[in-house]
Amino acid sequence: MRAICCVLSLLAALALSTAQQVRAEETLATGLDPEALARSVTIYRDAYGMPHIDGPTDDAVLFGFGYCQAEDYFWQLEDSYVMGLGRYAELHGKQFLSKDMRNRAFEIPQRSKADYAKLDPQPRRAGAAFAEGVNYYLKTHPETKPRLLERIEPWYLLAFARAATLELVGGHVHVSTSEVPNEYPKRQLEEEVEEASGSNAWAIAPSKTRSGNAMLVINPHQPYYGYGQFYEAHLRSGAGWNFTGAAFFGTPLPVIGHNEYCGWGMTTNEPNVGSSWIETFDDPDEPLNYRYGDGYRRAVEWTDTIQVRVGRRMEDVDCTFRKTHHGPIVKKLGDNKYVSAQIARLYEAVLSRQSIRMIYSKNVNEFRDAMSMLQLPLFNVIYADKQGDIFYVYNGIVPKRDTEFDWEKPVDGSDPRTEWQGIHPFEDLPQVLNPSSGYIQNCNSTPYTTADDSGPAIGDYPAYMVEDRFDDKRRAKMSRWLLREANDLTFDKLEKLAFDTHVYWALTEFPRFERKFGRLQESDPGLAAQVEPYLKHLLDWDCIGTLESTQATLCVAWYEELYGFGYPAETLKPRFVSNEAEQFKALITAAKKLNAMFGDWKVPYGEVNRLQRHADVADFYKIPFSDSQPSLPSAGMPGPPGVVFTMYFTPSIYLPPIKLMKKHYAVVGTSYMCIVEFGDRIQSKSLLQYGASGDPQSPHFFDQAKLLSERKMKDNYIYWDDVEENAKRVYHPGPEKLSTAGAGN
C-alpha cells in the first residue's frame, strides 16, 4: 500500500511538473501567463447571455474576449480561421476550392505568419492575448473538439483579417479574383448573399431630438451564416476604456459600437482600393519575363498543394501560381496575356492598431485622428457623440493614380505610368461634419447624398476614388425621407424608425401605376380586367410592411418579377422598360405564383417570411431549412424596394419529391443592431439577430430572434452598476468550478 502511494505521489508530482513546464513554455512564448490572466478577468452574463468582460489590463480583457468567443461559438471561430488559412476546402469540400486558391494566390498564410513576428508591439500583444484566451478555453473544456486547428496561433488573426479583406474587396480590383483558374466557380446563392451584405447607419444632431442629445443608429446587414456573422460583447479595461459593440468571430476588438462618449457604425462603400494590370509574357526564351517599360521584368512562380475534402477522403490539388511586381496573376486573357491584381496595403494595414484608438476616443477630433491612420480598407463611417457632433467619412485606403487611365478596368501593366503614386491621406476623402440638415445617413450609397445639404460635392474628388458616386439606393432615399421628417425625436421613436417598413418603391411608383392602369383600360380592356383585382389590392394599402399584410407579400413578389431576385436589383429588367403592358403582366405572374405555392394570392407576409436558425453550417446550400421545423415570422423586407428594416430570404423550393419548401427563410440582413442617445447618462439598446450562443442547447441560441420578430431591442448596459445589477451569471474563465456565481450559460 505504501509503495502504491509513493508511485501515485510520484506520478502526481510528474504531472504537476509537466503542467508547470507547459505553462512556463506558454508564458515564455507570448510573455503572457494564461492562468494569471484567467484569474484577473471577470465575465458577467446578462439575461440574453451577452458577455460583459472586465479586466485590469488590455491583455486581460482581450484574453477574456477570445475566451468568450470560443465559449459561445468555437465552431464558427475555428471556421473563420480555417478560411483565413486557405484551408476551407479541407473542411467543406471542392465548392470552396476557388476561395482557397484565391487565398494562396495572394500568399495570405505564409506572409501573415512572417509579418506577424515583425509587427509593432501593440497589435502583436493584442493578437497573443486574444489567442491565449481561445486556447485557454480549449484547454479547460476538452469536450470541445476542434475539427482542424488544435491550437490557435496569434498570426491566424492576421491571416483571417487579410482573407476577409480579400473577400470583401476582391470586387474592387476590376477583375474577379474568383477567376484564379479553377473548375469550381461560385454559385448563385453565395454570390447573392455576399452582394446583399450591406448596412444602414444614421447619426442625428441635437437640433432634431427632443432631449437635445445626438443619436446614432448602427445597423449592418450581414450574412446569418459564415465568417461574416457578428458577435456582440461589452469590454471594460482598467487601462481606461469601456466599449460595447460587435466584431466578427475571430477578431480581437469590436469594430462598431460605442463607449461612454461617442459611437459609430459602418456601411460598405466602393472606393477604388485596388487595381488590376494586363501583363504581357511574350519573351520566347524566358517564359516568366513580362513587359515593363522598354524591357522586361521577371515574374515569380511557385507551386502549392491544397487539400480538398471529397466525401470522407482527401484529395490533393496541386496549383501553380505566379506574381508580378504588381501582384498575383488572377486571370488569363490569351496565350501571353494575363491579369494581375493587388489591394492597397493588404499586407501593411493592421486594423487593431486603429481600432484601439477609436475605442479610446472621447470626441470627434480624437476619432478623426484615429481614422487618419488608414488601417481600415474601406467602409462609410458614421459617428455621433456626447458633445452633439455628428460626422461622416467615405473611408478607404485609396491609391493615388494617373487620371489619364481608366481605373475601372485593367490597365496596361507595361506602362510605368500605371504605378500607384502613394495613398490618398485621410484629408482627401469625402467627409461631412455637422450638416445643417441635422442628420447623416448612409445605406451603401453615394457619399454625395449623405445629407440634404452641406455634403461633399461630386466634382471635388477624382472619379476613381468613389466608384459608387451615382448609386443612390432606395434605402438611402427612404432614410432621408424619414430623417427629414423626424423632428422632436425621442429614443423610443428612434427604435421604431430603425425597424421602419415603409416601401419606397410602392410609395413612389404605385401612383404612377394607377395612372398607367387608366391608359391600359383604354388600350387593352381584357388585360386590365385581369390586372384590376391585384392592383386594386395594392392601391388599398399604406405601403407599410407588417406581418399581417397580404399587400406586402404581393408587392415584393411583383417587384422581384420586374427587377429580379436578390441584390442590388434596382434596375428594371430590359423587357419591361417602356412596356407598360408587360409590367402589368408581371403582376399577374406574381399573383399566380403565390396562388400556386400557397393556395391563395393573398398571403400574410409573416406566414411566408420566417426566422429559423441552424448551427454549424458554412455552405448556404446545405442549411437545412424546413417548413416542418419551428420558426418565427419576420416583417423584414428586401432592401432594393427601399425598406429600412432589411432582410433577404431564400426563395420557395418546389422539387418533389426531392425538396418542398414553401416558406422563405432569412439568410442575410439586419444582424447586429444598436441605437444610442448620447445624454449625460447614455441610453443604449441592441440586438443580435438570433442570440449570443451558437449552441442549439443554449437558451441564448434563438432568444433574440423573438425580439427581432417583434421589432424590439434589448437594453444594452454600458455603465458597470447596470451590468452588475442585471448580471445572471458571474465567473472567471476556466472550468466550471472557477465560476463565482450563477447558473450555466
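**A look at the sheet that holds strand β18 (residues 411–412)**
Strand order in this open sheet of four strands is β14-β15-β9-β18, and the pairing throughout is mixed. Looking at strand neighbours, the two that pair on one side only are β14 (329–332) and β18, the edges of this open sheet. In this structure, strand β9 (residues 274–280) lies alongside β18, joined through two bridges in parallel fashion. Paired with isoleucine 278 across the bridge in β18 is aspartate 412.

**Side note on helix α17 (residues 580–598)**
Over its 19 residues, α17 extends 28 Å from the first C-alpha to the last, a length consistent with the 27 Å expected when each residue adds 1.5 Å. Along α17, the residues classified as buried are Gln583, Phe584, Ala586, Leu587, Ile588, Ala590, Ala591, Leu594 and Met597.

**Details of the nonpolar core**
Of all hydrophobic cores here, the largest spans 126 residues; its most connected members are Tyr81, Ile256 and Trp264. At 15 residues, the largest contribution of residues to this core is made by helix α3 (residues 58–84). Among residues more than four places away in sequence, those in contact with isoleucine 256 are Ile218, Pro220, Phe230, Phe243, Thr244, Gly245, Ala246, Trp264, Gly265, Met266 and Tyr672. Membership of the second largest hydrophobic core comes to 80 residues, among which are Leu535, Leu587, Tyr605 and Leu611.

**Thoughts on the packing of helix α12 (residues 474–485) against helix α14 (residues 504–523)**
At a minimum axis distance of 9 Å, the contact between α12 and α14 shows a crossing angle of 90 degrees. In terms of orientation, α12 lies roughly perpendicular with respect to α14. Mapping the contact onto sequence places Arg474, Lys477, Met478 and Trp481 in α12 and Tyr504, Trp505, Leu507 and Thr508 in α14. Tallied by class, the residues present in the contact of α12 with α14 amount to five nonpolar, one polar and two charged.

**As for unusual backbone geometry**
Leaving glycine out, the prevailing phi sign among residues is negative, and the prevailing peptide bond configuration is trans. Non-glycine residue phenylalanine 379 carries a positive phi angle of around 100 degrees. Under the relative-accessibility criterion, phenylalanine 379 is labelled buried at 17%. Residue asparagine 434 is not a glycine yet carries a positive backbone phi of 50 degrees. The topology assignment puts asparagine 434 in the loop between β19 (431–433) and β20 (439–442). Judged by relative accessible area, which is 34%, asparagine 434 ranks as partly exposed.

**Digging into the pattern of salt bridges**
For the structure shown, the criterion picks out 39 salt bridges. Notably, a salt bridge pairs glutamate 495 with lysine 685, separated by 3.2 Å at the nearest N-O pair. Of the two residues, glutamate 495 sits in helix α13 (residues 491–498) while lysine 685 sits in strand β28 (residues 683–687), which places them 190 residues apart along the sequence. Using a relative accessible area of 11% as the deciding quantity, one classes glutamate 495 as buried.

**Things to note about the packing of α14 against helix α16 (residues 550–563)**
Between α14 and α16, the shortest axis-to-axis distance is 13 Å and the interhelical angle comes to 80 degrees. As judged from the angle between their axes, α14 and α16 are roughly perpendicular. Mapping the contact onto sequence places Trp505, Ala506, Phe510 and Phe513 in α14 and Cys555, Trp558, Tyr559, Leu562 and Tyr563 in α16. When grouped by side-chain class, the residues that make up the contact of α14 with α16 number nine nonpolar, no polar and no charged.

**Looking at the packing of aromatic side chains**
Enumeration over the complete set of coordinates arrives at 46 aromatic pairs. Judged by centre distance (5.0 Å) and plane angle (80 degrees), the rings of tyrosine 88 and phenylalanine 96 are edge-to-face. According to the relative accessible area criterion, tyrosine 88 is buried, its value standing at 5%. What makes phenylalanine 96 buried here is its relative accessible area of 6%. Among the aromatic side chains, those forming a connected cluster through ring pairs are Trp505, Phe510, Phe513, Phe517, Trp541, Trp558, Tyr559, Tyr563 and Phe584. One Lys or Arg, arginine 111, reaches over the ring of tyrosine 347 and ends 3.8 Å from the middle of that ring. Its end group placed over the ring of phenylalanine 513, lysine 516 keeps NZ or CZ at 4.6 Å from the ring centre.

**Comments concerning helix α6 (residues 108–116)**
Of the positions making up α6, those classed as buried are Ile108, Pro109, Ser112, Asp115 and Tyr116. Burial along α6 is one-sided: seen end-on, the buried residues are contained in an arc of 140 degrees. Buried positions along α6 lie against α3, α5 (97–105), α7 (121–140) and α8 (155–169).

**Looking at the pairing of strand β11 (residues 295–298)**
Relative to β11, strand β10 (residues 289–292) is paired through four bridges, and the arrangement is antiparallel. Pairing of tyrosine 292 across the sheet is with glycine 295, part of β11. Between the antiparallel neighbours β10 and β11 lie two residues, among them glycine 293 with a positive phi of about 60 degrees.

**Quick word on the confidence of the model for the protein chain**
Model confidence for the protein chain is summarised by a mean pLDDT of 92, while 90% of its residues fall at 70 or above. With pLDDT under 50 throughout, residues 1–26 is counted as low confidence; its partners more than four residues away or in other chains account for nine contacts. Residue range residues 176–186 is modelled with pLDDT below 50. Its contacts to residues more than four positions away, or to other chains, number 24 contacts.

**Topic: the state of the cysteines**
Inspection of the entire model under this criterion finds zero disulfides. No disulfide involves cysteine 262; its sulfur sits 13 Å from that of cysteine 674, the nearest cysteine. The thiol of cysteine 543 is not disulfide-bonded; the next cysteine sulfur, from cysteine 555, is found 7.3 Å away. Judged by relative accessible area, which is 8%, cysteine 543 ranks as buried.

**A look at empty space enclosed by the protein**
Tallying each qualifying case throughout the model produces four cavities of 30 Å³ or more. Put simply, the largest cavity is a space of about 80 Å³. Along the walls of the largest cavity sit 14 residues, with Gln229, Phe230, Arg613, Leu688 and Gly691 positioned nearest its centre. A class-by-class count of the residues in the lining of the largest cavity yields eight nonpolar, five polar and one charged.

Each value, and the rule that gives it
Residues numbered from 1 in each chain as written. Predicted model: local features only at pLDDT ≥ 70, side-chain atom pairs only at ≥ 80, totals over all residues. Heavy atoms only, no water. Pairing = 2+ DSSP bridges. Helix = DSSP H or I, 4+ residues; strand = E, 2+ residues; numbered from the N terminus. Expected span 1.5 Å × (residues − 1). Buried < 20%, exposed > 50% of the residue type's maximum accessible area, 1.4 Å probe, protein only. Core = buried A, V, L, I, M, F, W, Y, C linked by side-chain atoms within 4.5 Å. Contact = heavy atoms within 4.5 Å. Axes fitted to C-alpha atoms, helices over the stretch in contact; angles between N-to-C directions. Parallel < 35°, antiparallel > 145°, perpendicular 65-115°, else oblique. Nonpolar A, V, L, I, M, F, W, Y, C, P; charged D, E, K, R; others polar. Salt bridge = Lys/Arg side-chain N within 4 Å of Asp/Glu carboxyl O. Phe/Tyr/Trp six-rings, centres within 6.5 Å; stacked < 30°, edge-to-face > 60°. Lys NZ or Arg CZ within 6 Å of the ring centre and 35° of its normal. Arc of directions from axis to C-beta. pLDDT = per-residue confidence, 0-100. Disulfide = S-S within 2.5 Å. 1 Å grid on protein atoms, 1.4 Å probe; cavity = no way out; pocket = protein on both sides within 12 Å on 5 of 7 lines; lining within 4 Å. Points joined across faces, edges and corners; volume = space filled by probe spheres on them.

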